[in-house]
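# Structural overview
So you can see what is in the structure, the chains are spelled out below.
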Amino acid sequence: MGNRVITFGTFDVFHVGHVNILEKCSQLGSELIVGVSSDALNFKKKNRYPVYDEYSRLKIIKSLKFVNEVFIEESLEQKRHYINYYRANILAMGDDWEGRFDDLRDICEVTYFPRTPSISTTEIIEIARKL
Ligand code: C2G
């Protein structure tokens, strides 16, 4: 049986850095499951709402050919529950989260990928503001 890989993210103002990490995650297994963080979770974390609402962000992620399943991530602390619920055996994240989820190594493999340099949602928003 192939690996079931899970990853999480906001994926706001979708860009090539997001494509790259999802592509790399999908190459680790036969199924890729993506938790898209909710609008409320983002507000709690960053004190602002994403540009695109959770349904739009979910729809974009779901449309990608290397993504098999999507769901809304309601809480950062529920990773253990999501991993068990979706029967994932690999958790893969960008290295901005390096070390943060190592405690989950008792239930799955945990991998961090290097981020794509020089692109971020925050930077795109800054550029658009100046136009
Ligand atoms: N990413 C990347 N390269 C970039 C930008 C983002 O590889 N240039 C990756 C991040 O490392 C992350 C994923 O894309 O793994 C999604 O990034 P964000 O949308 O910024 O997600 P974040 O707000 O970090 O996730 O449980 C995590 C939460 O859902 C929040």
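Everything below is about the structure printed above this text.
The present account deals with the structure reproduced in this document. (Residues numbered from 1 in each chain as written. Predicted model: local features only at pLDDT ≥ 70, side-chain atom pairs only at ≥ 80, totals over all residues. Heavy atoms only, no water.)

## Quick word on the pattern of salt bridges
- Going through the model one piece at a time under the given rule, you end up with six salt bridges.
- Salt-bridge contacts for Glu 73 lead to Lys 79; the nearest nitrogen and oxygen are separated by 2.9 Å. Summarising the burial analysis for this pair, Glu 73 and Lys 79 share the class buried.
- Among the salt bridges present, the one from Arg 129 reaches Glu 126, with a minimum N-O distance of 3.6 Å. Within this pair, Arg 129 and its partner Glu 126 are both found in helix α5 (residues 121-130), separated by three residues, close to a single helical turn.
- Judged by relative accessible area, Arg 129 falls into the exposed class, the value being 65%. (Salt bridge = Lys/Arg side-chain N within 4 Å of Asp/Glu carboxyl O. Buried < 20%, exposed > 50% of the residue type's maximum accessible area, 1.4 Å probe, protein only. Helix = DSSP H or I, 4+ residues; strand = E, 2+ residues; numbered from the N terminus.)

## Description of a positive patch on the surface
- Taken together, the side chains of Lys 45, Lys 46, Arg 48 and Arg 100 define a basic patch exposed on the protein surface.
- Position of Lys 46 among the secondary structure elements: in helix α2 (residues 39-46). (Patch = residues over 30% accessible without salt bridge, like charges linked within 9 Å, V, L, I, M, F, W, Y side chains within 5 Å. Areas by Shrake-Rupley, 256 points an atom, 1.4 Å probe, with all protein chains shown as cover. Lys, Arg positive; Asp, Glu negative; His and termini not counted. Charge placed at Lys NZ, Arg CZ, Asp CG, Glu CD.)

## Things to note about helix α1 (residues 16-26)
- Regarding α1, the residues found buried are Gly 17, His 18, Ile 21, Leu 22, Cys 25 and Ser 26. The arc that holds every buried residue of α1, seen down its axis, measures 165°, which confines them to one face.
- Contacts made by the buried residues of α1 are with β1 (4-9), β2 (31-37), α3 (54-62), β4 (90-94), β5 (109-113) and α5. (Arc of directions from axis to C-beta. Contact = heavy atoms within 4.5 Å.)

## Considerations on the site of the ligand
- Of all residues adjacent to the ligand, which total 21 residues, the nearest are Phe 11, Glu 73, Lys 79, Asp 96 and Ile 119.
- Computed on the free molecule, the ligand has an accessible area of 640 Å², of which 94% lies beneath the protein chains in the complex.
- Elements with a minimum of two residues in the shell around the ligand: β1, α1, α2 and β4.
- The greatest single-element share of the shell around the ligand, amounting to three residues, is contributed by α1.
- Tallied by class, residues from the shell around the ligand come to seven nonpolar, eight polar and six charged. (Near = heavy atom within 4 Å. Nonpolar A, V, L, I, M, F, W, Y, C, P; charged D, E, K, R; others polar.)

## Examining the environment of Ile 60
- Within the element layout of this structure, Ile 60 appears in helix α3.
- With a relative accessible area of 28%, Ile 60 lands in the partly exposed category.
- Separated by 62 residues in the primary sequence, Ile 60 and Thr 122 have C-alpha atoms spaced 19 Å apart.
- Discounting residues that sit within four places of it in the chain, Ile 60 has contacts with Phe 14 and Tyr 52.

## Digging into the packing of aromatic side chains
- Following the criterion strictly, the structure yields seven aromatic pairs and no others.
- Note on Phe 8 and Tyr 82: the rings are 6.0 Å apart at their centroids and 50° apart in plane angle, and the pair reads as tilted. Of the two residues, Phe 8 sits in strand β1 while Tyr 82 sits in helix α4 (residues 79-85), which places them 74 residues apart along the sequence. Note on accessibility: Phe 8 and Tyr 82 belong to one class, buried.
- Aromatic side chains Tyr 85 and Tyr 86 sit 4.9 Å apart centroid to centroid with 80° between the ring planes, which places their arrangement in the edge-to-face category.
- Judged by its relative accessible area of 12%, Tyr 86 is buried.
- Site record: aromatic cluster; members linked through ring pairs are Phe 8, Phe 71, Tyr 82, Tyr 85 and Tyr 86. (Phe/Tyr/Trp six-rings, centres within 6.5 Å; stacked < 30°, edge-to-face > 60°.)

Keep in mind these values describe shape, not function.
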